[in-house]
Amino acid sequence: MRRSDFALFVCLIICAIAVVHTQHRSIRVFVDLEREKTRGDELAADLRRLQAQRATLVASNRVEHVASEMKMHLPDTHAVIVMGNQRQDLADLSSAAQSLAFAEAVPVRPIESLAKPQSLMSAEKDPKTKQPTHLAKGAR
Amino acid sequence: MNYKGNTALHLRLEGWRASLVLVLLLLAFMVLVIRAVFLQGLHADFLQHKGDERYSRVIEERAYRGEVLDRNKDPLAISLPAVSVWASREDAEMNPVQLQQLSTLLEMPKEDINRRINEGRGNFVYLKRQLSQEVAQKVSDIHIPGLFEQKGFRRSYPKGEMMAHLLGFTDVEDRGQEGVEVTFQSVLAGLNGARRVIKDRPGSVIEDVENIREPRPGHDVVLSVDSRVQYLAWRELHAAITRNKAKAGAVMVLDPRTGEVLALANYPDYNPNAREHVTLTQLRNRAVADTYEPGSTLKPFTIAAALEAHKVTPATIIQTGNGTMNIGPAVVHDTHPGGALTVSQVIQRSSNVGAARIALSLPPEAMWNLFTDVGFGQTPKMGMPGEAGGRVRPYRSWRPIEQATMSYGHGISVSLAQLARSYTIFANEGNVMPLTLLKQDGPVSGRRVISPQTAAAVKDMLELVVKPEGTAPLAQVRGFRVAGKTGTAHKLDHGHYSNRYVASFVGFAPASNPRLLIAVMIDEPSTGDYYGGLVAAPVFSGLMAGALQILGIQPDDPASENYASPPSGNSAAEET
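What counts and how
- Residues numbered from 1 in each chain as written.
- Chains lettered and ligands numbered in written order.
- Predicted model: local features only at pLDDT ≥ 70, side-chain atom pairs only at ≥ 80, totals over all residues.
- Heavy atoms only, no water.
- Contact = heavy atoms within 4.5 Å.
- Buried area = accessible area lost by both parts, 1.4 Å probe.
- Salt bridge = Lys/Arg side-chain N within 4 Å of Asp/Glu carboxyl O.
- Helix = DSSP H or I, 4+ residues; strand = E, 2+ residues; numbered from the N terminus.
- Nonpolar A, V, L, I, M, F, W, Y, C, P; charged D, E, K, R; others polar.
- Buried < 20%, exposed > 50% of the residue type's maximum accessible area, 1.4 Å probe, protein only.
- Arc of directions from axis to C-beta.
- Axes fitted to C-alpha atoms, helices over the stretch in contact; angles between N-to-C directions.
- Parallel < 35°, antiparallel > 145°, perpendicular 65-115°, else oblique.
- Left-handed = near helix turned anticlockwise from the far one by under 90°.
- Core = buried A, V, L, I, M, F, W, Y, C linked by side-chain atoms within 4.5 Å.
- Domains from an automatic or database assignment.
- pLDDT = per-residue confidence, 0-100.
- Pairing = 2+ DSSP bridges.
- 1 Å grid on protein atoms, 1.4 Å probe; cavity = no way out; pocket = protein on both sides within 12 Å on 5 of 7 lines; lining within 4 Å.
- Points joined across faces, edges and corners; volume = space filled by probe spheres on them.
- Phe/Tyr/Trp six-rings, centres within 6.5 Å; stacked < 30°, edge-to-face > 60°.
- Lys NZ or Arg CZ within 6 Å of the ring centre and 35° of its normal.

### Considering the interface of chain A and chain B
Reports of interface size often rely on the accessible area that becomes lost once the parts have come together. Opposite the 28 residues of chain A that make contact, chain B presents 33 residues. Counting the surface lost from both chain A and chain B, the interface buries some 2700 Å², and carbon and sulfur atoms represent 54% of this. Summed over the three residues of chain A that lose the most area to chain B, namely A:R48, A:R49 and A:V82, the buried surface amounts to 22% of that side. Our count for the contact surface shared by chain A and chain B stands at two salt bridges. For A:E34, the salt bridge identified is with B:R195, shortest N-O distance 2.8 Å. The set of elements that each furnish at least two residues to the side of chain A that touches chain B consists of α1 (3-57) and α2 (60-69) of chain A. Sort the elements by how many residues they give to the side of chain A that touches chain B and α1(A) lands first, with twelve residues. Classifying every residue of the side of chain A that touches chain B by side-chain character gives twelve nonpolar, ten polar and six charged.

### Quick word on helix α15 (residues 364-373) of chain B
Since there are 3.6 residues in each turn of an α-helix, residues three or four apart along the chain are aligned in direction. All names here are of chain B. Burial in α15 covers these residues: M367, L370 and F371. On an axial view of α15, the arc spanned by its buried residues comes to 100 degrees, and they lie on one face. Those residues of α15 hidden inside the fold are in contact with α12 (299-308), α14 (352-360) and α16 (400-407). Looking at the residues trailing α15, positive phi occurs at G375, about 105 degrees.

### Overview of the packing of α12(B) against helix α19 (residues 452-465) of chain B
When two helices pack together, their arrangement is captured by the angle between the axes and the distance separating the axes. Residue and element names in this part refer to chain B. Following both chains from N to C, one finds α12 and α19 inclined at 140 degrees, their axes separated by 10 Å at the closest point. The orientation of α12 with respect to α19, classified from their angle, is oblique. Where α12 crosses over α19, the handedness of that crossing is right-handed. Residue-level inspection shows P300, I303, A304, L307 and E308 of α12 in contact with α19, the latter providing T454, A457, V458, M461 and L462. Considering only residue class, the contact of α12 with α19 consists of eight nonpolar, one polar and one charged.

### A look at the nonpolar core
Residue and element names in this part refer to chain B. Counting residues in each nonpolar core, the largest one holds 119 residues, and the members touching the most others are F301, F371, F376, M382, F426 and I522. Per-domain counts for this core show at least three residues from each of domain 1 (59-222) and domain 2 (227-271 + 284-572). Look past the residues within four positions of I522 in its chain and what remains in contact with it is L237, A240, I241, A246, A248, G249, Y501, V502, A503, V535, A536 and V539.

### Notes on the confidence of the model for chain A
Across chain A, pLDDT averages 72, with 58% of residues at or above 70. In the predicted structure, residues 101-140 of chain A sits below a pLDDT of 50 and forms 56 contacts with residues beyond four places in sequence or in another chain.

### Notes on the sheet that holds strand β9 (residues 248-255) of chain B
All names here are of chain B. Strand order in this open sheet of five strands is β10-β9-β21-β20-β19, and the pairing throughout is antiparallel. Each edge of the sheet is formed by a strand with only one pairing partner; in this case those strands are β10 (260-267) and β19 (483-493). Recorded for the sheet is a direction-independent mean angle of 10 degrees between the axes of neighbouring strands. Here β19 pairs with strand β20 (residues 496-509) via ten bridges, running antiparallel. Opposite G484, over in β20, you have G507 as the bridge partner. Contacting β9, β20 and β21 (516-523), helix α21 (residues 537-550) runs over the sheet at an angle of about 150 degrees to β21.

### What to know about empty space enclosed by the protein
Residue and element names in this part refer to chain B. Evaluation of the coordinates by the stated rule reveals two cavities of 30 Å³ or more. Taken as a whole, the second largest cavity encloses approximately 30 Å³ of empty space. If you go around the second largest cavity, the residues you meet are E161, M162, M163, A164, H165, L166, Q230, W234, L264, A265 and N266. Secondary-structure elements contributing two or more residues to the lining of the second largest cavity are α6 (164-167), α9 (227-244) and β10. Looking at the lining of the second largest cavity residue by residue, the class counts come to seven nonpolar, three polar and one charged.

### Overview of the packing of aromatic side chains
Applying the stated criterion to the full structure yields 15 aromatic pairs over all chains. For the pair B:Y231 and B:W234, a centre-to-centre distance of 6.2 Å together with 35 degrees between the ring planes defines the contact as tilted. Taken together, the positions of B:Y231 and B:W234, both in helix α9 and three residues apart, correspond to about one turn of that helix. Each member of the pair B:Y231 and B:W234 is classed as buried. Among the aromatic residues, those joined into a ring-pair cluster are B:F301, B:F371, B:F376, B:Y423 and B:F426. It is A:R48 that lies over the ring of B:Y64; its NZ or CZ is 3.8 Å from the centre.

### Considerations on unusual backbone geometry
All names here are of chain B. A cis amide bond links Y267 to the next residue, P268, at an omega of 0 degrees. Structurally, P268 can be placed in the loop between β10 and α10 (280-283). Of note, the amide linkage connecting A509 to P510 takes the cis form, showing an omega dihedral of -15 degrees. Examined against the element boundaries, P510 turns out to sit in the loop between β20 and β21. Phi angles above zero are rare outside glycine, and Q130 is one such case at about 55 degrees.

### Let's talk about the layout of surface pockets
What the largest pocket holds in volume is close to 1200 Å³. Looking at the lining of the largest pocket, the elements that each hand over two or more residues are α1 of chain A together with β1 (56-61), β3 (75-88), β5 (147-156), β6 (193-199) and β7 (205-213) of chain B. When residues of the lining of the largest pocket are assigned to their parent elements, the largest contribution, seven residues, is made by α1(A). Of the residues assigned to the lining of the largest pocket, the class counts are 14 nonpolar, seven polar and twelve charged.

Next comes the structure, spelled out in structure tokens:
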């Protein structure tokens, strides 16, 4: 046998072993991939379970039930004062302030920080004076 | 050595022998080729199939059903992985201890399990479907031979009873059966995928052969419903049913600008997550599937038709006399005689005689046209299963007494959904809006049925109804202008009016720029009060106040020092 034939034969053997090794490796990697996919599916299922659980926990009927257990309740009708279009008033005030020359020197607070959602605001009443204790003057 | 000289080697073979060997060899090759063609060509499919059976598998990839979300993306229906346990009748074997454990886990009597396994045809039998994964894992830990698992899904409804009729439910095969689940079945349904793989001996997938079909998960559906408003509707309805010991009830909340359904609640209801003992009565979606005689809630349409025909103005005086009116042999009654009333007062005090007089001044066709234009007699096509269309008889067959009674909502039947939709003409400048269960992102165009002037005039009259002199001061909402109309109707029992009632109220607020329209129907209140102004109006008020607050809608009448004292029975009374 010539030397080159021998070298080729050795190469052939090495290639054959490499093919077997690569095949084996590819199978192992594929199995790993499948395992990770399954894990991904399980995590996605967990996410759904948690979403469903969260939706159950924040459902209004449960929130109200828990609130009643904590002896919380909606303010009595007489403790509610309707504020009217305060947001609009504040918006007008804010735009007026900004249009003034010194507007830049005096920073104007954003309207959102001043105006709470003002559809209905509650106020505790002082039992002696029968007046709201923490309402600003002219709120109504 | 010279071989050529050796004579022993000078052997002369017969020529045919070589030929024979050659022919035999060729024949052998021919046989091989024929066999190869037979195996590779003619029998290839069969052999391939047999080979595949030994190591290749088609596995199903299950696709999730889409979620149902409310308008704020709060999940209302969501699919969770679940497992069904099935048994092979031939292989299933278990000892008494295992049977006891299985019975506890599956919450099934032992006899049931035994019967399922031992009786019936075929080898395959489901023991229990849609188990949670935790329970399925425990079942698998018992190691019972012949018991297998099949993966699937279970639908979960986090909001429970309060959304039951709206959402409906799915069956064990994940197909919609009721409500939104069946309406949007084609959108929500997922399409399972399949792929061919090669598995090794322990059962792990080691190679993908081909992707037969990609799994396609179902699409999510975003409803127009607001689950917070829905809760208020459900809660207020339940409270009213309990307070009035009523048989049934329904509430519907719409956005009159778009026709979006913001809430729809019925009583009796059921828990869609546990439907073992649900009855047909509980399943009934009364708001869309049941029709009833609406009573006085129809009067505004009679007045609108008269205003459109320029027969009357809001200030026209109508003589109601002593509260009775004879039409042939029949008599139309009012509860309290009103004498001379303006058209506005006819609505405010809900005078039947007044409405009947106005109706008789109109051609029947004008009334019929308006009733039909606002959708009475036709299904509202909002997409719920079993929508009722109600009944409006053709105007050609109306006798005068029928025209008169129809003017105050008798002799005609409508569903609550139709009634709610019809009132959008007063809340939305004369436009009737199409009802929808899906969230709308842009403006929705309605169909103009009456002029904006007529709509505004009727709206002003409806505002009077909630004033202290009207039939529904209990419908007031603090800080807001409210418009609405009460209705109280006798129920028909075997063709005759009985002393059982349906109390209803339909209204909207803020009247200056209506954002919410609520229709309430309470069936057979039985504690004595049965007028719409006493039974249904408080539901409207409680729900409207809460919903306006939740949605952050600006009060349009902050100075009102409302709550008027509860009306006496007399002021809330209206003819039924």
